[in-house]
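Spelled out from the first residue to the last, the chains are:
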Amino acid sequence: MSNEERSTEGRKDTDLYFTHVISGAPNVALLLGHLYLEGHDPSITRVMLLRDGTFYFVYDLPDITYGTTLLPATDEQPFAFAMLGRRGLLRINPTGQAPHDETLTLPNAYVLHLQQIAGELYACGTQQQVHHRSADGWVRMDDGCHAPLVDQVTCGFNAMDGFGADNIYAAGEGGALWHWDGREWQALTSPSVWTIRVVHCMPDGSVVLAGDAGTVFRGNRVDGWRTLTVPALAHLSIEHACLFQDTLYLCAQRALLALSGGTVERVIVPLEGHLAYYSASATAGAMWTVGDDAILRFDGTHWERFSCQ
C-alpha cells in the first residue's frame, strides 16, 4: 500500500502526518512527513528534527520521500541522513553540515526504496529498476531483471537488502523475488503470492520477507523459506522492518509486530491516543516509530510519545 493509500482515520485536517523516521542517536530523530491539507497526493516532504524533546523545522523537499537511511560516520565525515524521493531526488545531510543533492536518472515511473548495503547506497523501484551509488556516481544494475515500461507499470521492486555487494535480495509485486550474486540477477522461487514490501537481512544469515496479507517468511535462497505468517494478522500489510535489541519489529500501519524466537506477535504499546506505525529506526539505545501524528520512542522497556505542535 502506497503512502497515498494509507487510511486517514484519526487525522485532523491540519495535521502534519509523518511517514518516515531516521534515528541518529537515542535522543535524536529526523522526521519526514506530509501536510494532510494537500490531500491524498502530496507534493512535498516536510523534514523536522526532534532533539531532546524539542521540534525544529529543517526544510521542505520538493519530492515525495519513499526511502530513507542513516549513513554511519567515517573518519572523514560525521553520520548523515539520506532521503530519496520517488522521482529520484536524493538529499544527503551530514549532521551539523549543509546538505547536498543528487538526482537519479530513472528509466520509468518511481523509485520506491533506498538501502545501504556494505557501506554503499542502492535504490529500487517500478519495473524492477535497480540503481547503485558507487565512487563514480549512480549506475544502473538491473540488466536481466528490469522490465521496460510500455503503457503502464506492471511490476516493481518494493524493497531490497543484502549481506554484501555479491549477495543481494530484491522483492516486490506479486511476490517477485530476485537475487544478485555480483554478476547477474536470478529470479528465485518465491514463498509468497502476495506483494512483498519488506526484505531484511538478519545477522544470522537469514532473510526476512514480509508484506501484504500479513505474510512473513524467513530463510534464504540456499536453505529455502519457512512461513511465520499468523492467520489472525492476515488483514495487515507489513511495510517496514527495524532490528532493535535482537528483535525485528515490523510496521503494519495500525499495528506493530515483533519477530523474536521464531514467532511473530503483536506488540501492545501502552499509550493512549491515535497510534500508527509506518516506519521505524533504531540506534543502540532507542527505537523510534512514526505514523500520522504518532511519534514514539522505545528504550527497550518504556514507550514515550512526542507531540509536534
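Here, the structure is the one placed above.
Residues numbered from 1 in each chain as written. Predicted model: local features only at pLDDT ≥ 70, side-chain atom pairs only at ≥ 80, totals over all residues. Heavy atoms only, no water.

Trainee: Could you give an account of the packing of aromatic side chains, with specific residues and numbers?
Mentor: Summed over the entire model, instances satisfying the criterion amount to 8 aromatic pairs. Aromatic side chains Phe-157 and Trp-185 sit 6.1 Å apart centroid to centroid with 35° between the ring planes, which places their arrangement in the tilted category. With a gap of 28 residues between them, Phe-157 in strand β13 (residues 157–164) and Trp-185 in strand β16 (residues 185–187) connect regions that are remote in the sequence. The buried category is assigned to Trp-185, whose relative accessible area is 7%. Considering the side-chain rings of Tyr-249 and Phe-298, the 6.3 Å spacing of their centres and the 75° angle between planes classify their relative orientation as edge-to-face. Of this pair, Tyr-249 sits in strand β22 (residues 247–252) while Phe-298 sits in strand β27 (residues 294–298), and the two are 49 residues apart along the sequence. Every member of this aromatic cluster is reached through a ring pair, and the members are Phe-244, Tyr-249, Phe-298 and Trp-303. Just above the ring of Tyr-59 sits the side chain of Arg-91; from NZ or CZ to the centre is 4.6 Å. (Phe/Tyr/Trp six-rings, centres within 6.5 Å; stacked < 30°, edge-to-face > 60°. Helix = DSSP H or I, 4+ residues; strand = E, 2+ residues; numbered from the N terminus. Buried < 20%, exposed > 50% of the residue type's maximum accessible area, 1.4 Å probe, protein only. Lys NZ or Arg CZ within 6 Å of the ring centre and 35° of its normal.)

Trainee: Please give an account of the nonpolar core that cites residues and values.
Mentor: Core analysis: the biggest nonpolar cluster contains 17 residues, and Val-216, Ile-238, Leu-248, Leu-250, Leu-257 and Val-264 have the highest contact counts within it. Residues Phe-244, Tyr-249, Val-269 and Trp-303 belong to the second largest nonpolar core, which totals 15 residues. (Core = buried A, V, L, I, M, F, W, Y, C linked by side-chain atoms within 4.5 Å.)

Trainee: Quick rundown of the pattern of salt bridges? Include the residues and the values.
Mentor: Under the definition given, this model contains 10 salt bridges. Measuring nitrogen to oxygen at the nearest pair gives 2.8 Å for the salt bridge that ties Arg-46 to Asp-60. Of this pair, Arg-46 sits in strand β3 (residues 45–51) while Asp-60 sits in strand β4 (residues 54–61), and the two are 14 residues apart along the sequence. Residue classification places Arg-46 among the partly exposed positions, given a relative accessible area of 23%. A residue is classified by how much of its surface remains accessible, and Asp-60, at 29% relative accessible area, is partly exposed. For Asp-101, the salt bridge goes to Arg-91, with nearest N and O atoms at 2.7 Å. Note that Asp-101 is positioned in strand β8 (residues 100–103) and Arg-91 in strand β7 (residues 89–94), a separation of 10 residues in sequence. Judged by its relative accessible area of 40%, Asp-101 falls in the partly exposed class. (Salt bridge = Lys/Arg side-chain N within 4 Å of Asp/Glu carboxyl O.)

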